[in-house]
Amino acid sequence: MQQYGYFDDAAASYVVTTPQTPRPWINYLGNRRLRAFVSHNAGGLLWHMEPYSRRITRYHYTAAPGDRPGFYLYVRDRRTGTVWNPHFAPSCTALDSFACRHRPGVTEFVASKDGVEVRFTLGIPPTDDVLLWQVSVRNTGTFTADIQLVNFMEFGLLEFMREALGWCYLKNQFELRYDPELGAIRYNYHVFEAPFSPAMLIGCSEQLSGWECSREAFIGKSGSYESPSALRPGAELSNSDLPLGGHACAVQGVNVRLAPGAEKALGFTFALADKWPQAEALIRKYQSATAVAAGIAAIDAFWRERLQATTVATGDAVVDRMVNIWIPYNCMVALDLARTISTDHMGTDGLRYRDTTQDAMAVANLDPAFALQRMRQVFASQTPDGGGCFAFFPDDPRAIRDTPQRCDNTVWQIYTIHNLIAETGDMSLLEEQLPYRDGSQGSVYEHILKGLVYIYERRGPTGLPTLYHADWNDSLALFGDEHAESVMLGMQMVYSCKLFLDVARRCQRSADVAWCERVIAELTTILNSDKVWDGRWYRRLLFSNGKVLGSAANRQGRIYLNPQSWAVLSGVGDFENRGRMAMQAAAEMLDSDAGLRILMPPFKGIPEPEDPPLGSNPGIGENGGIFSHANTWAIMAECLLGNGDRAWKYFRQILPQVVSERFGADHYEREPYVFVSSIIGPVSDRFGEGGISWLTGTANWMHIAMLQYILGIHPTLDRLEIKPCLPQSVTAARVKRTYRGKTYQIDLQHRNGQQSHTCRETA
Ligand code: GLC
């Protein structure tokens with residue numbers, strides 16, 4: 001049991017038992033069209049397709065606490081006069097018991113007060129664009145319970161920036177009314193320049209005892225979410241419509257009288273469609289408590305199926321629950337949303353090209369159709385000369401954003417496509433014709449090759465790829481040297497060309513084979529030259545003025561983690577020797593025992609410590625923080641070097657549960673069940689604080705690092721290859737994995753330093 005909750009592995013859940021966590025601990029709901037995030041206090045946000053232009057509810061990012069408002073259920077106990085929430089906030093009325101269970105796609109609250117127990121479950125089913133509120137109330141006392149259940153959601157004005165800049169006009173361009181025939185509230189949005197005017201309805205399985213469409217009528221002019229005036233003693237819901245605009249909400253009240261031991265189930269439904277008849281059909285479909293319960297059950301079935309693709313038993317419960325439940329779930333949420341929207345991200349950034357490409361890697365194993373769908377969208381935003389972009393918006397008219405320019409965008413696509421083909425065995429994917437952004441067509445093979453050529457042709461004087469704004473590491477932009485050369489990207493090019501070579505050979509494209517071989521040889525020579533090898537490790541950047549970054553001669557930014565890991569991952573020539581030395585230097589200089597720092601020492605001022613600071617404070621994020629995403633490559637590199645103990649240590653020490661327990665949940669702050677993009681490093685007094693959670697490339701690479709490297713079950717174009725690199729502490733592990741339509745049970749043994757395995761097909 002942790003300070004604020006515990007893992008219930010059998011139910012694939014994290015259970016928050018103390019409602020006042022250090023920050024909102026959220027979960028995601030959604031069916032890849034309608035989506036929401038919801039905190040353990042039911043704070044959150046609902047949007048459709050694209051959170052920039054189709055943001056349905058309101059959310060106040062910088063409010064304190066940071067999750068207001070949300071999807072609230074108020075319980076008015078008419079016997080005691082108390083108003084409470086099964087999610088504690090916003091009323092914050094003390095509860096007799098509280099649990100919030102986050103599980104894939106569903107969040108459930110179970111709470112009781114004064115002999116009344118309420119169970120409230122939120123979810124969005126796979127096939128319908130509805131947010132379901134499944135509610136049941138039980139009388140556990142000896143009296144007759146007289147309850148009013150009241151739901152609340154506050155609406156925004158769909159377009160995020162337009163609302164921020166012009167809500168005073170927009171607030172007069174919609175209407176909300178209760179429709180007695182349908183038994184639902186209609187939200188009719190008719191902003192005149194809106195790119196999207198959906199039909200939205202909010203219904204209930206029961207006869208309403210009252211409703212509100214006006215936030216001011218419910219909350220009151222001097223009221224608050226904590227204590228809505230319509231729920232104060234003597235007050236009742238006023239049945240307000242909002243025909244002329246204002247601040248919109250949907251509130252529905254249901255009276256419930258229960259004898260001792262009796263229970264009542266009901267449901268509320270938010271439905272969205274392009275046209276009213278479809279939205280009305282959804283409301284009718286979910287107008288019973290059983291239909292709502294079936295909708296929630298369908299979500300559980302959807303996730304159960306996905307999480308079965310690969311299961312692992314290593315004997316380490318902390319590792320196993322992450323690998324079996326939370327990493328795959330985190331991977332799929334990250335692929336769905338890239339870095340768009342969370343309690344940290346504002347929902348304006350679209351799907352980033354390189355992040356999405358990486359996120360699709362692990363999902364190739366978990367849900368190959370979804371990975372492929374995203375990759376098609378990635379390729380469709382590529383320029384016909386092979387360049388990538390910063391971000392694309394598949395569901396938004398803004399379409400594509402090119403700046404800031406990242407030089408590594410197109411180096412990643414072969415990783416994902418190779419992994420996808422290795423998973424499915426379907427080589428014909430390479431021949432699939434896909435558009436470039438100007439509408440011209442090219443095969444997947446050509447898209448990838450052009451992307452590699454694009455990077456190769458933009459080399460600097462040393463022969464390594466040019467940085468432009470930045471490579472994988474966004475903060476390299478601080479140095480303002482567009483002509484600097486990137487060692488990391490040079491190494492990644494070697495790795496990518498090796499994967500592409502594998503593909504080009506099979507496709508008998510001899511000219512491309514020759515090109516790949518030449519690039520690999522050329523870059524390998526440069527990367528092993530004294531311009532890049534620093535004596536004990538690999539440097540990071542070669543500046544256009546001849547200076548370097550990531551050298552023992554530097555006063556700050558002396559050693560970077562990524563070139564050491566990628567030297568091994570790209571694995572050629574001298575890298576075996578130097579790779580070992582480099583990873584040893586990383587272990588000695590970068591490992592903090594709570595994760596590897598991205599660089600040491602952090603920058604105080606740029607370029608020299610005496611200069612004014614620029615960018616993140618020392619120890620934070622890319623400036624010497626424990627950057628989780630970068631840790632994953634070090635784990636993989638240690639496996640390639642055969643260092644199972646070190647790989648396991650690196651894997652385990654950044655698991656959210658481990659970090660949270662090590663620093664204390666109050667200091668770490670973030671959810672103990674999903675990754676953060678970085679943890680603040682030891683030079684800072686904030687050492688151990690977690691950064692942005694959920695939306696990070698970490699989850700996907702951690703899946704790859706564990707499955708393909710530590711457990712060593714590696715899909716190739718021909719077959720599943722098995723070469724484990726277990727630590728001494730794990731003497732046996734069992735993996736069940738589906739592969740090309742079959743399910744295998746793979747048993748790994750580790751005795752007296754020897755690793756062996758058996759693999760058999762199961763029914
Ligand atoms: C963040 C960004 C990612 C970038 C990384 C390192 O995770 O989403 O694109 O590569 O930071 O700067």
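All figures in this text were calculated on a predicted structure; none of them were measured in a lab. Counting starts from 1 at the beginning of each chain's written sequence and moves along it residue by residue. Per-residue local features of the predicted model are confined to residues with pLDDT of at least 70, and side-chain atom pairs are confined, for both listing and counting, to 80 or more; whole-chain, interface and lining totals are unaffected and use all residues. Side-chain figures throughout are based on the complete set of non-hydrogen atoms in the structure, without hydrogens or water.

**Student:** Can you lay out unusual backbone geometry for me, pointing to particular residues and giving the numbers?
**Tutor:** The peptide bond linking Met600 to Pro601 adopts the cis configuration, its omega dihedral lying at -25°. In this text, helices come from DSSP runs of H or I with a minimum length of four residues, and strands from runs of E with a minimum of two, each type numbered from the N-terminal end. Mapped onto the fold, Pro601 is located in the loop between strand 30 (599-600) and strand 31 (626-627). Positive phi, normally seen in glycine, also occurs at Asn239, with a value near 60°. Looking at the secondary structure, you find Asn239 in the loop between helix 2 (215-219) and strand 18 (248-258).

**Student:** Quick one: what's the story with the packing of helix 6 (residues 353-366) against helix 18 (residues 698-710), residue by residue and with numbers?
**Tutor:** Simply put, an axis is a line fit to the C-alpha atoms, just over the touching stretch for a helix, and the angle between two N-to-C directions goes from 0 to 180 degrees. Running from N to C, helix 6 and helix 18 cross one another at 50°; their axes reach a closest spacing of 8 Å. Taken together, the axes of helix 6 and helix 18 lie oblique to each other. Classified by chirality, the crossing of helix 18 by helix 6 is left-handed. Contacts from Gln358, Asp359, Met361, Ala362, Val363, Asn365 and Leu366 in helix 6 reach Asn700, Trp701, His703 and Ile704 in helix 18. Angles are sorted into four bins: roughly parallel if under 35 degrees, roughly antiparallel if over 145, roughly perpendicular if 65 to 115, and oblique for all others. For any pair of crossing helices, the crossing counts as left-handed if the nearer helix is rotated counterclockwise from the farther one by less than a right angle, and right-handed if it is rotated clockwise. Any two residues whose heavy atoms approach within 4.5 Å at even a single point are treated as in contact.

**Student:** Explain the sheet that holds strand 16 (residues 199-204) to me, using residue names and the numbers behind them.
**Tutor:** Paired strands, in this sense, are two strands between which DSSP finds at least two bridges. Read from one edge of the open sheet, 10 strands run 1-2-9-10-11-12-19-16-15-14, paired in antiparallel fashion. Of all strands in the sheet, those with a lone pairing partner are strand 1 (5-8) and strand 14 (174-179), marking the two edges. Within this sheet the neighbouring strands show an average axis-to-axis angle of 15°, counted without direction. By the bridge criterion, 3 bridges tie strand 2 (residues 13-16) to strand 9 (residues 97-103) in an arrangement that is antiparallel. Bridging from a neighbouring strand, Tyr14 pairs with His102 of strand 9. Across the sheet, helix 3 (residues 276-285) touches strand 12 (130-139), strand 15 (184-189), strand 16 and strand 19 (263-273), and the angle it forms with strand 16 is around 20°.

**Student:** Describe the domain arrangement of the protein, naming the residues involved and giving the relevant values.
**Tutor:** Size of an interface: often given as the accessible area lost when the parts come together. As used throughout, domain bounds are those supplied by an automatic or database domain assignment. Taken as a whole, the protein is organised into domain 1 (5-306) and domain 2 (310-455 + 550-751). For domain 1 versus domain 2, the distance between C-alpha centres works out to 35 Å. Where domain 1 abuts domain 2, roughly 3300 Å² becomes buried across the two surfaces, and 63% of that area is made up of carbon and sulfur atoms. The quantity reported as buried area is the accessible area (1.4 Å probe) lost by two parts once they are put together, taken as the sum for both. For domain 1, the biggest contributors to the area lost against domain 2 are Phe7, Arg23 and Tyr28; these three give 21% of the whole. The salt bridge criterion pairs a side-chain nitrogen of Lys or Arg with a carboxyl oxygen of Asp or Glu, the two atoms within 4 Å. Linking domain 1 with domain 2 are 5 salt bridges, by the criterion used here. Between Arg321 and Asp9 there is a salt bridge, with its nearest N and O atoms 2.8 Å apart. Distance and chemistry together define a polar contact, namely a pair of N or O atoms within 3.5 Å, with one atom able to donate a hydrogen and the other to accept it when in protein, and with adjacent residues in sequence counting only for side-chain atoms on both sides. Joining domain 1 to domain 2, the criterion identifies 16 residue pairs in polar contact (both at pLDDT 80 or more). Elements with a contribution of two residues or more to the side of domain 1 that touches domain 2: strand 2, strand 3 (26-30), strand 4 (34-39), strand 5 (44-48), strand 9 and helix 4 (289-307).

**Student:** Residue-level account of the pairing of strand 2, with values.
**Tutor:** Working definition: with a 1.4 Å probe on protein chains only, accessible area under 20% of the residue-type maximum means buried, over 50% means exposed, and in between means partly exposed. Side chains of strand 2 alternate between two faces, with Ser13 and Val15 and Tyr14 and Val16 buried alike. Examined bridge by bridge, strand 1 and strand 2 share 4 bridges and lie antiparallel to one another. For Phe7, the partnering residue across the bridge sits in strand 2 and is Tyr14. As consecutive antiparallel partners, strand 1 and strand 2 are separated by 4 residues, and within that stretch Ala12 has a phi angle of approximately 50°, a positive value.

**Student:** Outline the pattern of salt bridges, listing residues and values.
**Tutor:** One pass over the structure, following the stated rule, counts 56 salt bridges. A salt bridge links Arg33 to Asp129, with the shortest nitrogen-to-oxygen separation between them at 2.9 Å. Separated by 96 residues along the polypeptide, Arg33 in the loop between strand 3 and strand 4 and Asp129 in the loop between strand 11 (116-123) and strand 12 bring together distant segments of the chain. Overall, Arg33 belongs to the partly exposed group, its relative accessible area being 27%. A relative accessible area of 13% means that Asp129 is categorised as buried. Of the charged contacts, one joins Arg103 and Glu108 as a salt bridge, the two residues approaching to 4.0 Å between their closest N and O atoms. Per residue, the accessibility class of Arg103 equals that of Glu108, and both read buried. Each of the salt bridges in this network shares a partner with another, and the network as a whole consists of Arg339, Asp349, Arg352, Asp355, Asp359 and Arg401.

**Student:** Account for the site of the ligand, with residues named and values stated.
**Tutor:** Here a residue counts as near a molecule or strand whenever at least one of its heavy atoms sits within 4 Å of it. As a matter of local geometry, the ligand sits amid Arg339, Arg352, Arg354, Asp355, Trp472, Asn473, Asp474, Glu622 and Phe627. Glu622 is positioned with one of its side-chain polar atoms (N or O) 2.4 Å from an oxygen atom of the ligand. Surface exposure here means Shrake-Rupley accessible area, sampled with a 1.4 Å probe, where a residue is shielded only by the protein chains that are shown. A total of 310 Å² of accessible area belongs to the ligand in isolation, and the protein chains cover 92% of it. Residue classes follow a fixed rule: Ala, Val, Leu, Ile, Met, Phe, Trp, Tyr, Cys and Pro count as nonpolar, while Asp, Glu, Lys and Arg count as charged, and any other residue, Gly among them, counts as polar. In terms of residue class, the shell around the ligand is made up of 2 nonpolar, 1 polar and 6 charged.

**Student:** Summarise the sheet that holds strand 27 (residues 541-542); cite the residues concerned and give the values.
**Tutor:** Read from one edge of the open sheet, 3 strands run 26-27-28, paired in antiparallel fashion. With partners counted over all chains shown, the strands left at the sheet margins are strand 26 (485-486) and strand 28 (548-549), one partner each. Pairing between strand 27 and strand 28: 2 bridges, direction antiparallel. Counterpart to Leu542 in the pairing with strand 28 is Val548.

**Student:** Residues and numbers for helix 10 (residues 487-506), please.
**Tutor:** Expected span of a helix: the number of residues minus one, times 1.5 Å. Taking 1.5 Å as the rise per residue, helix 10 with 20 residues should run 28 Å; its terminal C-alpha atoms sit 29 Å apart, in good agreement. Taken from the residues just after helix 10, Gln508 is the one with a positive phi, measuring 55°.

**Student:** A description of the side chain of Gln382 should follow, citing residues and the corresponding values.
**Tutor:** Mapping Gln382 onto the fold places it in the loop between helix 7 (368-380) and strand 22 (391-392). Overall, the relative accessible area of 0% leaves Gln382 in the buried class. Setting aside anything within four residues of it in sequence, one finds Gln382 in contact with Tyr353, Gly387, Thr410, Gln413, Tyr436, Arg437, His447 and Gly451.

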